[in-house]
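Descriptive structure summary
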Amino acid sequence: MDIFETIRTDHALCREIMEQMEESSPRGKTRERLLTKLADEFTMHQEAEEAVFYPTVLDEKETRDAALEAIEEHHVLAMILQDLEGTATDDERWLPKLVVFREIFEHHAEEEEEEIFDEVQDLLTEDEADDMGKEFAQAKEKETPKKAATKRGAAVEADEEEEEEEEEEDIDEGPEEEEEYEEEDEDDDDLPDVEEEDE
Ligand SMILES: [Fe+2]
Ligand SMILES: [Fe+2]
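Right, let's walk through the structure included here. Quick caveat: nothing in here was measured; it's all calculated off a predicted structure. (Residues numbered from 1 in each chain as written. Chains lettered and ligands numbered in written order. Predicted model: local features only at pLDDT ≥ 70, side-chain atom pairs only at ≥ 80, totals over all residues. Heavy atoms only, no water.)

**Overview of the environment of histidine 107**
Rules: The secondary structure listing takes helices from DSSP runs of H or I that are at least 4 residues long and strands from runs of E that are at least 2 residues long, numbered from the N terminus. Each residue gets one of three labels from its accessible area relative to the maximum for its type: buried under 20%, exposed over 50%, partly exposed in between, using a 1.4 Å probe on protein chains only.
Relative to the helices and strands, histidine 107 is located in helix H4 (residues 94-123). Residue classification places histidine 107 among the partly exposed residues on the basis of a relative accessible area of 38%.

**Some words on H4**
The condition that has to hold: In a helix, the anticipated span is given by 1.5 Å times the number of residues less one. What we call the bend at a residue is the angle made by axes fitted to the seven residues finishing there and the seven residues starting there.
The terminal C-alpha atoms of H4 lie 41 Å apart, and with 30 residues this matches the ideal 44 Å at 1.5 Å per residue to within 8%. Taking the largest bend as the criterion, H4 deviates by roughly 50°, centred on phenylalanine 117.

**What to know about the coordination of the iron ion (ligand 2)**
Here is the rule we go by: Metal-coordinating donors are taken as N, O and S atoms lying within 2.8 Å of the metal, or within 3.2 Å when the metal is Na, K or Ca; because water is left out, some sites can appear incomplete. Four donors are marked tetrahedral only if all angles between them lie between 85 and 135 degrees, whereas four are marked square planar and six octahedral if opposite donors are more than 155 degrees apart and the other angles lie between 65 and 115; the remainder are marked irregular.
Every protein donor of the iron ion (ligand 2) is accounted for by His11 (NE2), His45 (NE2), Glu49 (OE) and Glu112 (OE), and the metal-donor separations fall at 2.0 to 2.2 Å. For the iron ion (ligand 2), the four donor atoms are set out with angles of 78 to 168° between them, so the coordination reads as irregular. Motif for the iron ion (ligand 2), donor spacing along one chain: H-x33-H-x3-E-x62-E. A distance of 3.0 Å spans the gap from the iron ion (ligand 2) to the iron ion (ligand 1), which glutamate 49 bridges by coordinating each metal. Taken together, the positions of glutamate 49 in helix H2 (residues 30-59) and glutamate 112 in helix H4 put the pair 63 residues apart, joining distant regions of the chain.

What follows is the structure in structure tokens.
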């Protein structure tokens, strides 16, 4: 299988798992099991893409912007997966989160399969595309589900730290605004008093 077919096959597998997830019952272990399957598959897929496929795409002037965008999408998709893994399967937000993941995934996979493949197909000979397919499969094998899960955890810890910082900022801003209002109110109330005192 060349690199293009290998990546298409992975995308098809992710779509299949997502379909099963959408049909699954909110209760029971199926959702959890399918989510782990999707998260492992997607993490291994995107790691292999970034290790084997994207270096070539980043190297070309015509495809560099698309590659940078795709890598950012990997990051966003990984965050949604981590969010889903931390959400109870019977939570009413679980399915909407999955739908958002699927929408971004579809946009991402379509860009890879159409725009990016079109360009990269012109850059590689058939043999090179075959070799890259093999390298991709090897990279995925190295990326075991356990490692994939650890990486997702690490990515989310970093994001949580950022969120905490933002929250702290929000807290700082909150009281200040209130104080301002209070001051304004006090000023209004005090105005006649101050004038009286001045007189
Ligand atoms: Fe990708
Ligand atoms: Fe992909």
